[in-house]
Amino acid sequence: LHYEVKVSLADALCGFTHDICMLDEKERIKRLRKRVPVSNLTTQVLSGEGMPISKRLGEKGDLIVSFSVDFPEKELTDEQKEHVKAAFPS
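Residues numbered from 1 in each chain as written. Predicted model: local features only at pLDDT ≥ 70, side-chain atom pairs only at ≥ 80, totals over all residues. Heavy atoms only, no water.

1. So, the pattern of salt bridges
Part 1: Per the counting criterion, the structure on display carries five salt bridges.
Part 2: Among the salt bridges present, the one from D19 reaches R31, with a minimum N-O distance of 2.6 Å. Linking D19 in strand β2 (residues 16-22) with R31 in strand β3 (residues 28-34), this pair joins segments that are 12 residues apart in sequence.
Part 3: Among the salt bridges present, the one from E59 reaches R56, with a minimum N-O distance of 3.4 Å. (Salt bridge = Lys/Arg side-chain N within 4 Å of Asp/Glu carboxyl O. Helix = DSSP H or I, 4+ residues; strand = E, 2+ residues; numbered from the N terminus.)

Set out below in structure tokens:
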């Protein structure tokens, strides 16, 4: 089972919390706390939180969580570019 979390660029860089409503017999929330940067290539595996496995009673597969980072669609201003460069010196 796959779940995609849409994340702002600021949250992707600074960290965030995201709640996933689980779809099993009882209503429950799985809370993700990311403290390190994530990218569009980042995934997290939640073992045993996926779909039930038909041939194995009571067992579930994994839930694969991926992240979709929302990058700006327009060009940054010169001032914004300077702030970004100052925050991430090379």
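2. Details of the environment of E73
Part 1: When you line up the elements, E73 lands in the loop between β5 (63-70) and α2 (78-87).
Part 2: Along the backbone, E73 and G15 are 58 residues apart, and their C-alpha atoms lie at a distance of 21 Å.

3. Brief notes about the packing of aromatic side chains
Part 1: Under the criterion given, the structure shown has one aromatic pair.
Part 2: Aromatic side chains F16 and F67 sit 6.0 Å apart centroid to centroid with 70° between the ring planes, which places their arrangement in the edge-to-face category. In this pair, F16 sits in strand β2 while F67 sits in strand β5, placing the two residues 51 residues apart along the sequence. Across the pair, F67 and F16 agree in class, each one buried. (Phe/Tyr/Trp six-rings, centres within 6.5 Å; stacked < 30°, edge-to-face > 60°. Buried < 20%, exposed > 50% of the residue type's maximum accessible area, 1.4 Å probe, protein only.)

4. Some details on the side chain of K34
Part 1: Structurally, the position occupied by K34 is in strand β3.
Part 2: Only 3.1 Å separates the side chain of K34 from the side chain of Q44, close enough to count as a polar contact.
Part 3: Here K34 is in contact with G15, F16, Q44 and F67, once residues within four sequence places are set aside. (Polar contact = N/O pair within 3.5 Å; in protein donor to acceptor, adjacent residues only side chain to side chain. Contact = heavy atoms within 4.5 Å.)

5. What about the environment of A10?
Part 1: On the secondary structure map, A10 appears in helix α1 (residues 9-14).
Part 2: Overall, the relative accessible area of 48% leaves A10 in the partly exposed class.
Part 3: Put simply, A10 and P37 are 27 residues apart on the chain and 9.5 Å apart in space, counted from C-alpha to C-alpha.

6. Remarks on a nonpolar patch on the surface
Part 1: On the surface, a cluster of nonpolar side chains totalling about 350 Å² of accessible area is made up of L13, L76, V84 and F88.
Part 2: Its location among the elements puts V84 in helix α2.
Part 3: For V84, a relative accessible area of 43% gives the class partly exposed. (Patch = residues over 30% accessible without salt bridge, like charges linked within 9 Å, V, L, I, M, F, W, Y side chains within 5 Å. Areas by Shrake-Rupley, 256 points an atom, 1.4 Å probe, with all protein chains shown as cover.)

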